[in-house]
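# Survey of secondary and tertiary structure
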Amino acid sequence: MLELMRDFYTQQEMRFEDASATRAIHLLLEAPERGQIYLIFRGSELAGYFALTFCFSLEFHGRFALLDEVYLREAFRRQKLGKAVVAFAEDLCKKAGIKALRLEVGRGNQPAQSLYRAAGFNEDERNLMTKWL
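From a predicted model like this one, the values you see are computed outputs, not experimental measurements. Chains are numbered independently. Their residues run from 1 in the order of the written sequence. Given that this is a predicted model, residues contribute local features only at a pLDDT of at least 70 and side-chain atom pairs are listed and counted only at 80 or more, while totals for whole chains, interfaces and linings are drawn from all residues. Side-chain calculation: all heavy atoms of the structure are included, whereas hydrogens and water are not.

Okay, the sheet that holds strand 2 (residues 45-57) next. Any two strands with at least two DSSP bridges between them are considered paired. Comment: elements are numbered from the N terminus, with helices defined as DSSP H or I runs of at least four residues and strands as E runs of at least two. With mixed pairing, four strands are arranged side by side in an open sheet as 1-2-3-4. Only two strands of the sheet have a single neighbouring strand rather than two, namely strand 1 (35-42) and strand 4 (101-103). Geometrically, the sheet is characterised by an average inter-axis angle of 30 degrees between neighbouring strands, direction not taken into account. Pairing analysis gives eight bridges linking strand 1 to strand 2, with the strands arranged antiparallel. Bridge pairing in strand 2 places Leu39 opposite Tyr49. To define axes, lines are fitted to C-alpha atoms, for helices over the stretch in contact only, and angles between the resulting N-to-C directions are given on a 0 to 180 degree scale.

What follows is the structure, encoded as structure tokens:
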């Protein structure tokens, strides 16, 4: 899992620290109500992973889901796996009674943006902002 995360974070030019990532993985696995991590396979080959986490928002009238990370190794891209991941995540949300699924995508990641738009995602009119504490 750490190897996949490291690859994803490097490609997206995001900050990655083994210890912090390990702790976050354990915190998520210890409390399924926070979310889940799924490994993506193509046959017997590990193709990538995704994380689906759960949040609460007044705007969304309760719980919503965040498709927190979706990563496919280069060799497995453009094979409709991303489309299948999004559909699977949507199905999980519907079964859990969650009415909104959100995600983040890099501004320069046009292939992913196209995938998400085709799946029915729209850009919000507000910018997501972060401050590390």
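Attention now goes to the nonpolar core. For the purposes of this section, nonpolar cores are sets of buried Ala, Val, Leu, Ile, Met, Phe, Trp, Tyr and Cys residues that join through side-chain atoms within 4.5 Å. Here's how the labels work: a residue is buried when its accessible area is under 20% of the maximum for its type, exposed when over 50%, partly exposed in between, all with a 1.4 Å probe on protein chains only. Of all hydrophobic cores here, the largest spans 20 residues; its most connected members are Phe50, Leu52, Ala65, Leu67 and Leu101. Listed by contribution, the elements that provide at least two residues to this core are strand 2, strand 3 (62-72), helix 3 (81-95) and helix 4 (110-118). In terms of residues, this core owes the most to one element, helix 3, which gives five residues. Any pair of residues with heavy atoms lying within 4.5 Å of one another is described as a contacting pair. Dropping the residues within four chain positions of it, Leu67 is found in contact with Phe50, Ala51, Leu52, Val86, Ala89, Leu101, Arg102 and Leu103. If you look at the next biggest cluster of nonpolar residues, it comprises eight residues, including Phe8, Ala21, Ile25 and Tyr71.

Turning to the packing of aromatic side chains, a few remarks are in order. Side-chain rings of Phe, Tyr and Trp, where Trp is taken by its six-membered ring, are said to pair if the distance between their centres is within 6.5 Å; with planes under 30 degrees apart they count as stacked, over 60 as edge-to-face, and otherwise as tilted. Throughout the structure, instances matching the rule amount to 10 aromatic pairs. For the ring pair Phe50 and Phe88, a centre distance of 6.2 Å and an interplane angle of 85 degrees mean the geometry is edge-to-face. With Phe50 in strand 2 and Phe88 in helix 3, this residue pair connects regions lying 38 residues apart in the sequence. For Phe50, a relative accessible area of 3% gives the class buried.

Bear in mind that shape data such as this cannot, by itself, settle questions of function.
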